[in-house]
Amino acid sequence: MLGSILPFDEEKVDRVSDYCEKRSLNIPDTLADHWEWTRTRFPDADKMSSCLQGSWMIFTARDRKPKRILEIGCYSGYSALAWYEGTKDTKAEIVTLEYSPKMIAASREAFAKYGVEDRVTLIEGPAEKTLKTLTGEFDLIFVDANKDGYAGYVKTILDQKLLSPNGVILCDNVFARGLSIGPDCAPWLNDHVRPYWLSCGEALEQFNSGLVQDSRVDVLLLPLFDGVTQIRWRDQVKA
Ligand code: SAM
């Protein structure tokens, strides 16, 4: 088999996830508690990153040692808490953008409860506007909000040079549950959510195909979780 993706069937996916989770660094109890709190409180809690993604965020932050992190799409604050945990040594500043009043309230409650307000700043409002008000550079940028906004967000980040010279942008869900690749790629998706993910798939396919042609950056789209794209500034090769 020469492909990069194993053909796990639908029933095996939970076992694979569980296998990886139990053989990866543990998320702290506080993060696990917050994940459970969000799961039981919000009917759309599938918007939240998984526990394995939490381990990945902590690992990535410890590995890259960012001084500043920007997140677009806070939801209940789970990923911001994971970035906080992963930067306990380096004490990174974390800026997170969110527009839903309900999720702003939930996140603020969580940030106060877990005592992370010293380094986490939540900026309220539509990210299309708030992103443009930011200044300085970020070493790690996590794009995880409305899927039809990804192209605009990454354009603003690059045009305004919000990404530091050695920084990385991580865009989550670029597979749109498989529908970026084709409408036949997620037969298991129920009819209730399929129209939403179909429109995300169309927007993200345009984003994915356009981004790889941007000569300013190197792009790597990985079959990780629901598809994760890594973006870095392309090195200028000296003649
Ligand atoms: N990063 C979170 C995590 O890992 O748990 C999950 C984020 S969830 C997938 C996306 C969030 O982006 C939602 O809370 C939604 O309200 C927010 N969002 C969607 N469109 C937005 C916009 N235009 N501006 C700001 N936030 C937005």
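Whatever comes next refers back to the structure up there.
Residues numbered from 1 in each chain as written. Predicted model: local features only at pLDDT ≥ 70, side-chain atom pairs only at ≥ 80, totals over all residues. Heavy atoms only, no water.

Draft legend 1. Structural context of the overall build of the protein. Each helix and strand counted, the protein has eight helices and seven strands in total. Against the globule reference of 18 Å for 239 residues, the protein gives a C-alpha radius of gyration of 18 Å, in line with a compact fold. Taking the principal axes of the C-alpha coordinates as reference, the protein spans close to 55 × 45 × 35 Å. Here the protein, with 239 residues, has 47% of them falling under the buried criterion. Long-range contacts, defined here as pairs at least 24 residues apart, represent 71% of the contacts in the protein between residues at least 6 apart. (Helix = DSSP H or I, 4+ residues; strand = E, 2+ residues; numbered from the N terminus. Rg over C-alpha atoms; globule rule 2.2 N^0.38 Å. Buried < 20%, exposed > 50% of the residue type's maximum accessible area, 1.4 Å probe, protein only. Contact = heavy atoms within 4.5 Å.)

Draft legend 2. Structural detail: the pairing of strand 7 (residues 228–233). Strand direction decides the pairing type here: strand 5 (residues 163–172) and strand 7, joined by four bridges, are antiparallel. Residue pairing for strand 7: Leu170 is matched across the bridge by Gln230. Judged from the six bridges that link them, strand 6 (residues 217–222) and strand 7 form a sheet pairing that is antiparallel. In the strand pairing of strand 7, Leu221 is matched with Thr229. As consecutive antiparallel partners, strand 6 and strand 7 are separated by five residues, and within that stretch Phe225 has a phi angle of approximately 55 degrees, a positive value. (Pairing = 2+ DSSP bridges.)

Draft legend 3. The site of the ligand, seen in detail. Around the ligand, the surrounding shell holds 20 residues, and the nearest of these are Ser49, Gly73, Ser79, Glu98 and Ala127. Within the side chain of Glu98, one N or O atom sits 2.6 Å away from an oxygen atom of the ligand. Side-chain polar atom of Asp144 to a nitrogen atom of the ligand: 2.8 Å apart, as the coordinates give it. Elements with a minimum of two residues in the shell around the ligand: helix 4 (78–86) and helix 6 (127–130). A breakdown of the residues in the shell around the ligand according to their chemical character gives 10 nonpolar, six polar and four charged. (Near = heavy atom within 4 Å. Polar contact = N/O pair within 3.5 Å; in protein donor to acceptor, adjacent residues only side chain to side chain. Nonpolar A, V, L, I, M, F, W, Y, C, P; charged D, E, K, R; others polar.)

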